[in-house]
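# Structural overview
Below are the chains, spelled out letter by letter.
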Amino acid sequence: MRVSLCVVGRLRAGPERTLIDDYLTRFDKTGRALGLGPAKIIEVEDKKGGGMSAEADLLRRAIPKGATLCCMDERGEVMTSPEFAQRLGQFRDQGTQDMAFVIGGADGIDPSLRAEARMSLSFGKMVWPHMLARVMLSEQLYRAASILAGSPYHRE
Ligand SMILES: C[S@@+](CC[C@H](N)C(=O)[O-])C[C@H]1O[C@@H](n2cnc3c(N)ncnc32)[C@H](O)[C@@H]1O
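Since this is a predicted model, take the numbers as computed values, not measurements. (Residues numbered from 1 in each chain as written. Predicted model: local features only at pLDDT ≥ 70, side-chain atom pairs only at ≥ 80, totals over all residues. Heavy atoms only, no water.)

Here we come to the overall build of the protein chain. Helix and strand content of the protein chain: 5 helices and 5 strands. The N-to-C order of helical and strand elements in the protein chain reads β-α-β-α-β-α-β-α-β-α. Taking 2.2 N^0.38 as the reference for a compact globule, 156 residues should give roughly 15 Å; the C-alpha atoms of the protein chain span a radius of gyration of 15 Å, in line with that estimate. For the protein chain, the spread of C-alpha atoms along the principal axes amounts to about 45 × 35 × 25 Å. Classification of the 156 residues of the protein chain by burial places 47% in the buried group. If you take every contact in the protein chain between residues at least 6 apart in sequence, the share linking residues at least 24 apart comes to 82%. (Helix = DSSP H or I, 4+ residues; strand = E, 2+ residues; numbered from the N terminus. Rg over C-alpha atoms; globule rule 2.2 N^0.38 Å. Buried < 20%, exposed > 50% of the residue type's maximum accessible area, 1.4 Å probe, protein only. Contact = heavy atoms within 4.5 Å.)

If you want it as structure tokens, here you go:
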């Protein structure tokens, strides 16, 4: 099951980018034997300042066709890391080919796109900057793969 992180805004080289690349490389390595991955980042940028709805259009064009959509949203479902791992495993076992996680820009994700999502996932009620949300999601994907692989990275 391929995984796309579809995000608003371009992230320059720096500590966040280094962490994301590191976690997604680890996710790919751990997930390979489990039918998970590879993961890639798809960045979209609305240079005309059209707001959330213009960003949603760009995101729709960028999301792989037929992908199961998960919107990252502070109002979404809160789950433990093992629960997230189990959910990923379920999508894989149901034959999902592509899973796309969407992270919004400064204004968030347009409600029309949120309504199209199969799942909405929250990292808690606090709002995080999009670059940190990217890092956290990348880490949780690696953690989920480690849990499904039975490796000792995740400790409770
Ligand atoms: C700066 S936040 C935008 C906040 C905006 N008020 C909203 O309504 O979504 C940028 C993006 O980071 C992600 N994000 C921020 N906090 C989050 C949280 N607690 N859980 C999940 N995703 C979050 C979301 O995808 C959000 O669209």
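So much for the structure itself; the text now carries on.
Our focus in this paragraph is the site of the ligand. Taken together, 20 residues are adjacent to the ligand, and Met72, Phe123, Gly124, Met126 and Trp128 come closest. A distance of 2.9 Å is found between an oxygen atom of the ligand and a side-chain nitrogen or oxygen belonging to arginine 75. Between a nitrogen atom of the ligand and a main-chain N or O atom of phenylalanine 123, the distance comes to 2.8 Å. Within the complex, the protein chains bury 88% of what would otherwise be the 560 Å² of accessible surface of the ligand. Elements with a minimum of two residues in the shell around the ligand: β3 (68-78), β5 (119-122) and α5 (130-149). (Near = heavy atom within 4 Å. Polar contact = N/O pair within 3.5 Å; in protein donor to acceptor, adjacent residues only side chain to side chain. Areas by Shrake-Rupley, 256 points an atom, 1.4 Å probe, with all protein chains shown as cover.)

Here the focus is the layout of surface pockets. By volume, the largest pocket amounts to about 360 Å³. When contributions to the lining of the largest pocket are tallied by element, the ones reaching two or more residues are β3, β5 and α5. Examining the composition of the lining of the largest pocket, we find that 4 residues originate from one element, β3, more than from any other. Considering only residue class, the lining of the largest pocket consists of 11 nonpolar, 6 polar and 5 charged. Size it by volume and the second largest pocket reaches roughly 150 Å³. Forming the boundary of the second largest pocket are Met79, Thr80, Ser81, Phe84, Leu121, Ser122, Phe123, Met136, Glu139 and Gln140. Elements that contribute at least two residues to the lining of the second largest pocket include exactly α3 (81-93), β5 and α5. Element by element, the count of residues in the lining of the second largest pocket is highest for α5, at 3 residues. (1 Å grid on protein atoms, 1.4 Å probe; cavity = no way out; pocket = protein on both sides within 12 Å on 5 of 7 lines; lining within 4 Å. Points joined across faces, edges and corners; volume = space filled by probe spheres on them. Nonpolar A, V, L, I, M, F, W, Y, C, P; charged D, E, K, R; others polar.)

Considering the arrangement of structural elements, one finds glycine 104 in the loop between β4 (98-103) and α4 (111-116). The exposure class of glycine 104 is buried, given its relative accessible area of 11%. Put simply, glycine 104 and alanine 85 are 19 residues apart on the chain and 23 Å apart in space, counted from C-alpha to C-alpha.

Let's shift gears to unusual backbone geometry. That bond from glycine 37 to proline 38 is cis: its omega, 0°, falls within 30 degrees of zero. For proline 38, the position within the fold is in the loop between α1 (15-31) and β2 (39-44).

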